[in-house]
Number of protein chains: 2
Amino acid sequence: MKTNIRISVDAMGGDNGPEIVVHGAFLAFKQCKNVEYLFHGKEEVLKPLLDKYSALKPISKIIHCEKIISMDEKPSQALRKGRGSSSMWSCLQAVKDGDADVAVSGGNTGALMAMATFCLRPMKGISRPAIAAIWPSIRADIVVLDVGATVGGDAKQLVDFAILGSALARALFDQDAPKVGLLNVGVEEVKGLEPVKEASRILSQAKDAGFSYYGFVEGDDIGKGTVDVVVTEGFTGNIALKTAEGTARQVGTYLKNALQADFISKLGAFIAQRGLRAFKAKMDPRAGNGGVFLGLNGIVIKSHGGTDEIGFKSALCLAHEMAKDELLEKIGEGMENFPTSLIQSSKTKDSPSE
Amino acid sequence: MKTNIRISVDAMGGDNGPEIVVHGAFLAFKQCKNVEYLFHGKEEVLKPLLDKYSALKPISKIIHCEKIISMDEKPSQALRKGRGSSSMWSCLQAVKDGDADVAVSGGNTGALMAMATFCLRPMKGISRPAIAAIWPSIRADIVVLDVGATVGGDAKQLVDFAILGSALARALFDQDAPKVGLLNVGVEEVKGLEPVKEASRILSQAKDAGFSYYGFVEGDDIGKGTVDVVVTEGFTGNIALKTAEGTARQVGTYLKNALQADFISKLGAFIAQRGLRAFKAKMDPRAGNGGVFLGLNGIVIKSHGGTDEIGFKSALCLAHEMAKDELLEKIGEGMENFPTSLIQSSKTKDSPSE
């Protein structure tokens, strides 16, 4: 287990600027300890901020970068413009060069994924990277992937995601063999499900690969926590994630309205404020902020662009945990232990490679 | 507007048997009035139930059917076994023969869709039917389709769904031109999104087709109610629906636990019980029970299999409303007014037809 974790931070990414990034880094330092920061961005902006959070000064270094990737830039544009010289690229390069253990950015997701793939390259045997979400469930936190890196995907990719996601679960939750489920619809006899069914056939034959395959799960199994790792392709995964976020907000609004409808309900809510505060804390999306890019030769954490210092702190603490628990090594083991013959013998061996 | 609505009911469908079906029919009769029932199922079971809810007797007729389609039967099996002689088929046949205005079943979704497609046939110009959900949002109820009839789907199918869904919104919400959004992921520059992008190009050119095209929406726009109709293919739609259901239950559990954590919170919750009851009613999935099969020559409502009499009543009331507001005619108008040249000139004209 690593002790001092070097986090490379894209200080210019996100909607709310470097102030919340450095403030978040300060909060994460207080919480996680044993951390060093490399801040990538405009020195003239970052220096005064480090003066403000002076506890960070001895453990921080600023890497000056002129260019900033904007939140609405297309991935291909960002790659052309920002390669080499942007704070986002520089943040990733530090991981590639071994100067940092993990990279964190709140910048534009598409651009970050494109740059990370280009800079760090997919791991051997992985055709496409994935973004994993740490998803709260009634039972415990679980891993859901892919939540937006790829669209579509064949059986081989879904199997890759199972390997990647279970390694993440092993690193995060300290489990030996996390339960993996494949997201599916209830009605099985539908055309077009072939990749999902084929992936299921492969996974059910894999033994001692660092996970136990549970079978198909449906959308409501995510919130129930039926399995530790839910595998799906990125279009569906992204929509499931955002739908859940929207539903949680919607239910919160209903509750607020109901408790403000009349004086007695308001009074009751006032009295129950301790319980309601605990509920609110549980529902706070900032507590679980951070998507994990998996399948690259380096760990990258994507923070929500619109978050504040509390949310950014969560992303940094997640990065800290990932690096400390040696996620990459765990993924490597998972890939080594997976019987590759299963994939090669599958019908989808002609899947697009990198 | 029709006044007396004849509802054809598969009395043997669902997990909880004919008792909840007939009880639900009794409740729906009290609520909706102007209704007649055709109950399809075993006469020896249904007769005593009608004796029990004797107010139903003058407005009900029993069509005896020997066979029952079980909840775990595969669609193809069900079709082979139940064609002609099962309560599910008989329920649909009554709509086909003009003996009823709408069919309702709580049976196995896949079997019901297969039988409905076979019995009622897709409408002219529609390649595949869809299942639409009436989804509560913060703003108002909205329509989301497809939530599980098809998997995958090309641009033409997504355009069909926009036509079908907007007709449903016009019938249900009394809107002239409901806003239609296409469900998409945030990152646009991803391969594999071609059908969604192509559908968007077609829809943005359609004028006076009974809806106004809003553009892309994301998962969290569903709960917000950004548009009146959300269009997607059935795999993603089904998973979004179930994920939302799971999230709502999960949030409800968090709230319950938080309000039972200590005495003071319990006391507050007791005092706020009126507000909390209103909240609970708002969250009750039985209130919005019923998926609408669209794109067939007849209206079919699918009730949740596991619901009780309250939920089945909701499905029957939804059926009543659909038939009363002449949904089929509205769909017909929508199809007539849609500039077919847009679809024919699209790249996807070679889409699989029925």
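Residues numbered from 1 in each chain as written. Chains lettered and ligands numbered in written order. Predicted model: local features only at pLDDT ≥ 70, side-chain atom pairs only at ≥ 80, totals over all residues.

*Asks:* Would you explain the relation of the copies chain B and chain A in this entry?
*Replies:* Superposition of the two copies of the chain requires a rotation about an axis together with a shift along that axis. With an RMSD of 0.0 Å, chain B superimposes on chain A once it is rotated by 180° and translated 0.0 Å along the axis. Put plainly, the chains are arranged around a two-fold axis. In terms of proximity to the rotation axis, the leading residue of chain B is Gly268 of chain B, whose C-alpha is 2.0 Å off the axis. When the interface residues of chain B are mapped onto chain A, 100% of them are again interface residues, pointing to one common binding face. (Least-squares fit on C-alpha atoms with pLDDT ≥ 70 in both. Contact = placed C-beta atoms within 7 Å.)

*Asks:* Where do I start with the packing of helix H9 (residues 234–259) of chain A against helix H11 (residues 273–283) of chain B in this structure?
*Replies:* Each pair of packed helices can be summarised by the angle the axes make with each other and by the distance between the axes. Between H9 of chain A and H11 of chain B, the least distance of the axes is 8 Å, while the angle of their chain directions is 150°. Read as a crossing pair, H9 of chain A and H11 of chain B show a hand that is right-handed. Taking contact as the criterion, the partners of Val251, Tyr254, Leu255, Ala258 and Leu259 of chain A in H9 of chain A are, on H11 of chain B, Gly275, Leu276, Ala278, Phe279, Lys282 and Met283 of chain B. Across the contact of H9 of chain A with H11 of chain B, the residue classes break down as 9 nonpolar, 1 polar and 1 charged. (Axes fitted to C-alpha atoms, helices over the stretch in contact; angles between N-to-C directions. Helix = DSSP H or I, 4+ residues; strand = E, 2+ residues; numbered from the N terminus. Left-handed = near helix turned anticlockwise from the far one by under 90°. Nonpolar A, V, L, I, M, F, W, Y, C, P; charged D, E, K, R; others polar.)

*Asks:* Just checking my understanding: could you explain the sheet that holds strand S8 (residues 212–217) of chain A for this structure?
*Replies:* Pairing between the strands of a sheet is mediated by backbone hydrogen bonds and can be parallel or antiparallel. All names here are of chain A. Spatially, the 11 strands line up as an open sheet ordered S3-S2-S1-S4-S11-S10-S5-S6-S9-S7-S8, and their pairing is mixed. If you trace the sheet from one side to the other, it starts and ends with strand S3 (60–64) and S8, each paired once. With direction set aside, neighbouring strand axes in the sheet form an average angle of 25°. With 5 bridges connecting them, strand S2 (residues 35–41) and S3 associate as parallel partners. Bridge pairing in S3 places Gly41 opposite His64. (Pairing = 2+ DSSP bridges.)

*Asks:* Honestly, unusual backbone geometry in this entry has me stumped. Any pointers?
*Replies:* Generally, phi is negative for residues other than glycine and the peptide bonds are trans, each holding for most cases. Looking along the chain, the bond that leaves Leu145 of chain A and enters Asp146 of chain A is cis, with omega of 0°. Tracing the backbone shows Asp146 of chain A in the loop between strand S6 (141–145) and helix H6 (155–173). A positive phi angle, near 50°, is found at Asp208 of chain A, a position not held by glycine. You can see Asp208 of chain A is positioned in the loop between helix H7 (194–205) and S8. Overall, the presence of 10 C-beta atoms within 10 Å leaves Asp208 of chain A in the exposed class. The phi angle at Lys33 of chain B is positive, at roughly 55°, despite the residue not being glycine. Among the structural elements, Lys33 of chain B can be located in the loop between helix H1 (17–32) and strand S2 (35–41). Taking the number of C-beta atoms within 10 Å as the measure of exposure, Lys33 of chain B has 11 and is therefore exposed. (Buried ≥ 20, exposed ≤ 12 C-beta atoms within 10 Å, placed from the backbone.)

*Asks:* What's the story with the sheet that holds strand S11 (residues 299–302) of chain B in this structure? I'm lost.
*Replies:* Residues and elements named next belong to chain B. Pairing in this open sheet of 11 strands is mixed, and the strands run S3-S2-S1-S4-S11-S10-S5-S6-S9-S7-S8 from one edge to the other. Each of the sheet's edge strands pairs with one partner strand only, and the pair in question is strand S3 (60–64) and strand S8 (212–217). Neighbour to neighbour, the strand axes of the sheet diverge by 25° on average, direction disregarded. Bridge analysis of strand S4 (residues 102–105) against S11 gives 4 bridges, and the strand direction is parallel. Looking across to S11, one finds that Ala103 is bridged to Val300.

*Asks:* Which parts of the structure should I look at to understand the interface of chain B and chain A?
*Replies:* Size of an interface: often given as the accessible area lost when the parts come together. Each side of the interface is counted separately: chain B has 63 residues, and chain A has 63 residues. Those elements giving two or more residues to the side of chain B that touches chain A turn out to be helix H3 (75–82), helix H5 (109–120), helix H8 (220–224), helix H9 (234–259), helix H10 (263–271) and H11 of chain B. Sorting elements by how many residues they give to the side of chain B that touches chain A places H9 of chain B first, with 21 residues. Residue composition of the side of chain B that touches chain A, by class: 30 nonpolar, 20 polar and 13 charged.

*Asks:* Please explain the environment of Gly17 of chain B as it appears in this structure.
*Replies:* Looking at where Gly17 of chain B falls in the secondary structure, it is placed in helix H1. Sequence separation between Gly17 of chain B and Arg139 of chain B is 122 residues; the distance between their C-alpha atoms is 35 Å.

*Asks:* Teacher, can you tell me more about the confidence of the model for chain A here?
*Replies:* Low-pLDDT stretches of the model should not have their predicted coordinates read in fine detail. The pLDDT averaged across chain A works out to 89; a share of 93% of its residues lies at or above 70. For this predicted complex, the interface confidence score (ipTM) comes to 0.86, while the overall pTM stands at 0.89. (pLDDT = per-residue confidence, 0-100.)

*Asks:* Which parts of the structure should I look at to understand the environment of Glu245 of chain A?
*Replies:* Position of Glu245 of chain A relative to the elements: it lies in helix H9. For the pair Glu245 of chain A and Ala133 of chain A, spaced 112 residues apart in sequence, the C-alpha to C-alpha distance is 12 Å. Among all residues touching Glu245 of chain A, those that are not within four sequence positions of it are Pro285 of chain A together with Asp220 of chain B.

*Asks:* What is the right way to read the domain arrangement of chain A from this model?
*Replies:* Domain parsing of chain A yields domain 1 (5–120) and domain 2 (130–284 + 333–344). With centres defined by C-alpha atoms, the gap from domain 1 of chain A to domain 2 of chain A works out at 28 Å. (Domains from an automatic or database assignment.)

*Asks:* Sorry, what's going on with the pairing of strand S1 (residues 5–10) of chain A here?
*Replies:* Side-chain direction in a regular strand flips from residue to residue, so the side chains alternate between the two faces of the sheet. Residues and elements named next belong to chain A. The element S1 is largely enclosed, with a buried count of 5 among its 6 residues. Bridge count between S1 and S2: 6 bridges; the pairing is parallel. Bridge pairing in S2 links Val9 to Phe39. Following the chain from S1 across helix H1 (residues 17–32) to the adjacent parallel S2, one finds a crossover that is right-handed. Strand direction decides the pairing type here: S1 and strand S4 (residues 102–105), joined by 4 bridges, are parallel. In the sheet register, Ile7 faces S4, and the bridge partner there is Val102. (Right-handed = clockwise from strand over helix to strand, strands pointing away.)

*Asks:* Whenever I open this one, helix H5 (residues 109–120) of chain A confuses me. Can you help?
*Replies:* Two residues of an α-helix separated by three or four positions point the same way, owing to the 3.6 residues in each turn. Residues and elements named next belong to chain A. The end-to-end C-alpha distance of H5 is 16 Å, a good match for the 16 Å that 12 residues give at a rise of 1.5 Å each. In terms of burial, H5 is largely enclosed, as 11 of its 12 residues are buried. Those residues of H5 that sit buried are Thr109, Gly110, Ala111, Leu112, Met113, Ala114, Met115, Ala116, Thr117, Cys119 and Leu120. Turning to H5, the residues buried within the fold contact helix H3 (75–82), helix H4 (87–96), S4, strand S10 (291–294) and strand S11 (299–302). Directly after H5, the chain includes Arg121, whose backbone phi takes a positive value near 65°. (Expected span 1.5 Å × (residues − 1).)

*Asks:* Where do I start with the packing of helix H4 (residues 87–96) of chain B against H5 of chain B in this structure?
*Replies:* All names here are of chain B. Packing of H4 against H5 brings their axes to within 10 Å, and their N-to-C directions diverge by 35°. Considering the relative orientation of H4 and H5, their crossing is right-handed. Within the contact between the two elements, H4 uses Met88, Trp89, Leu92, Gln93, Val95 and Lys96 and H5 uses Ala111, Leu112, Met115, Ala116, Cys119 and Leu120. When its residues are assigned to classes, the contact of H4 with H5 shows 10 nonpolar, 1 polar and 1 charged.

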